[in-house]
Amino acid sequence: MLCSTKQLNSFQLDARDGEIGRVREVYFDDRHWVIRHLVVDTGGWLSGRKVLISPHSIERLDRERDQLAVALSRQQIEDAPGIDADKPVSRQHEIAFSDHYGYPYYWTGTGLWGAAAYPLTVGAMAIPQVEDGRARELSQRAAQAEDAAADPNLRSSKEVIGYHVEASDGSIGHIEDFLFDERSWQIRQAVVDTRNWLPGRLVLISPEAIESVDWSARQVRVKLTREAVKASPPYDRDAPPSGDEETVIRSPHERS
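Residues numbered from 1 in each chain as written. Predicted model: local features only at pLDDT ≥ 70, side-chain atom pairs only at ≥ 80, totals over all residues. Heavy atoms only, no water.

### Here we look at the overall build of the chain
Item 1. Within the chain, the secondary structure is distributed over seven helices and 14 strands.
Item 2. Per-residue burial for the chain yields a buried fraction of 49% across its 256 residues.
Item 3. Taking the contacts inside the chain whose residues are at least 6 apart along the sequence as the reference set, 59% of them involve residues at least 24 apart.
Item 4. Carbon and sulfur atoms make up 45% of the accessible area of the chain, which totals about 12000 Å². (Helix = DSSP H or I, 4+ residues; strand = E, 2+ residues; numbered from the N terminus. Buried < 20%, exposed > 50% of the residue type's maximum accessible area, 1.4 Å probe, protein only. Contact = heavy atoms within 4.5 Å. Areas by Shrake-Rupley, 256 points an atom, 1.4 Å probe, with all protein chains shown as cover.)

This is how it looks when you write it as structure tokens:
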């Protein structure tokens, strides 16, 4: 099942011993198009402090209640490294964040989540068993040496939604939303609003069709013509695509 990042922004997060706050945006990496962190506003609980929550810790996503259950305690979250939401998240911060919770480093290995294809949502205390003792220490040192200064390519959904979309033969609209897989947290579709060209029409474009993202120009370029975009499947907010429908949506773009 696919979920909207905009819909996610209204979700309440609950730890095992109480409410944490509400999702305000997500950070995704633009190399693999995977949501890596949820940015949560803790409101009055931590005096408005914003914290990162990894998909590793999500136990349940409840669409009907707009709620996420998190396999963490409030104390664990309070003790976690804080973030400055106005600045990019550095690799060094991600290392400190992962070490605090005992999460594997998602940027190592061949899977979407390090050695795995999915976040290890097996309970907060079970995750450290993935890497322990000397093996984790060596992994930490390697990550710090090689990746501390690296650009993690994390982008804010709040920032990218609204970027202009350019086809190979002209402007076609702007990014309206992203749809992600609830299990892997990979972004599977970009929702493009074509109202400046095709009034009232939302279409779906696979990330495989995205050629580049120009952050300074606030622009997304796609490897499609305007006619190809026009022929893309329409998006209905009340009826997101199922797994079978998504295969149909993705295939034409992967062949382009």
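### Describing the pairing of strand β7 (residues 67-70)
Item 1. Burial along β7 is two-sided: Gln-67 and Ala-69 facing one way and Leu-68 and Val-70 facing the other are all buried.
Item 2. Pairing analysis gives three bridges linking strand β2 (residues 12-15) to β7, with the strands arranged parallel. Bridge assignment links Gln-12 to a residue of β7, and that residue is Gln-67.
Item 3. Inspection of the sheet shows strand β6 (residues 58-62) paired to β7 by four bridges, in the antiparallel sense. Residue pairing in the sheet places Arg-60 in a bridge with Ala-69 of β7.
Item 4. Turn length for the β6-β7 hairpin, with the two strands adjacent in sequence and antiparallel, is four residues, and the turn residue Asp-66 shows positive phi of about 50°. (Pairing = 2+ DSSP bridges.)

### Topic: empty space enclosed by the protein
Item 1. Under the definition given, this model contains one cavity of 30 Å³ or more.
Item 2. Size it by volume and the largest cavity reaches roughly 70 Å³.
Item 3. Lining the largest cavity, in full, are Arg-36, His-37, Ser-54, His-56, Glu-94, Phe-97, Ser-98, Tyr-103, Pro-104, Tyr-106, Trp-107 and Trp-113.
Item 4. Of all the elements in the fold, those that place two or more residues in the lining of the largest cavity are β4 (34-41) and α3 (91-101).
Item 5. For the lining of the largest cavity, the element with the highest residue contribution is α3, accounting for three residues.
Item 6. Tallied by class, residues from the lining of the largest cavity come to six nonpolar, four polar and two charged. (1 Å grid on protein atoms, 1.4 Å probe; cavity = no way out; pocket = protein on both sides within 12 Å on 5 of 7 lines; lining within 4 Å. Points joined across faces, edges and corners; volume = space filled by probe spheres on them. Nonpolar A, V, L, I, M, F, W, Y, C, P; charged D, E, K, R; others polar.)

### Regarding the pattern of salt bridges
Item 1. Per the stated rule, a full pass over the model turns up 11 salt bridges.
Item 2. Residue Glu-59 pairs with Arg-16 through a salt bridge whose shortest N-O separation is 2.8 Å. Of the two residues, Glu-59 is situated in strand β6 and Arg-16 in the loop between β2 and β3 (18-29); the sequence distance between them amounts to 43 residues.
Item 3. Where Asp-193 meets Arg-195, a salt bridge forms, and the shortest distance between an N and an O atom there is 3.6 Å.
Item 4. Note on Asp-193: relative accessible area 8%, which makes it buried. (Salt bridge = Lys/Arg side-chain N within 4 Å of Asp/Glu carboxyl O.)

### Some thoughts on α3
Item 1. Every buried residue of α3 is listed here: Arg-91, His-93, Glu-94, Ile-95, Phe-97, Ser-98 and Tyr-101.
Item 2. Of the residues one or two after α3, Gly-102 is the one with positive phi, at around 80°.

### Comments concerning the packing of aromatic side chains
Each aromatic ring pair is characterised by the separation of its centres together with the angle its planes make.
Item 1. Per the counting criterion, the structure on display carries 11 aromatic pairs.
Item 2. Ring geometry for Phe-97 versus Tyr-101: centroids 5.2 Å apart, planes at 70°, classification edge-to-face. A residue pair is termed a helical-turn pair when its members lie 3 or 4 positions apart in one helix, as Phe-97 and Tyr-101 do in helix α3 at four residues.
Item 3. Classification of Phe-97 by relative accessible area gives buried; the value is 2%.
Item 4. Summarising the aromatic geometry, the rings of Tyr-105 and Trp-107 are spaced 4.9 Å apart at their centres and angled 20° between planes, so their arrangement reads as stacked. (Phe/Tyr/Trp six-rings, centres within 6.5 Å; stacked < 30°, edge-to-face > 60°.)

### Things to note about the nonpolar core
Item 1. Leu-8 and Leu-38 are the most contacted members of the largest nonpolar core, which totals 61 residues.
Item 2. Leu-38 has contacts with Leu-8, Val-23, Glu-25, Val-26, Val-51, Leu-52, Ile-53, Pro-55, Leu-68 and Trp-185, leaving out every residue within four places of it along the chain.
Item 3. One finds Leu-179, Val-191, Leu-204 and Tyr-235 within the second-largest nonpolar core, a separate group that totals six residues. (Core = buried A, V, L, I, M, F, W, Y, C linked by side-chain atoms within 4.5 Å.)

### A few points about the layout of surface pockets
Item 1. Approximately 310 Å³ is the volume found for the largest pocket.
Item 2. As for the largest pocket, its lining consists of 16 residues, of which Lys-87, Pro-88, Leu-154, Arg-155 and Ser-156 are closest to the centre.
Item 3. Every element with two or more residues in the lining of the largest pocket is listed here: β3 and β8 (154-156).
Item 4. Here the lining of the largest pocket takes three residues from β8, the largest share from any one element.
Item 5. Residue composition of the lining of the largest pocket, by class: eight nonpolar, two polar and six charged.

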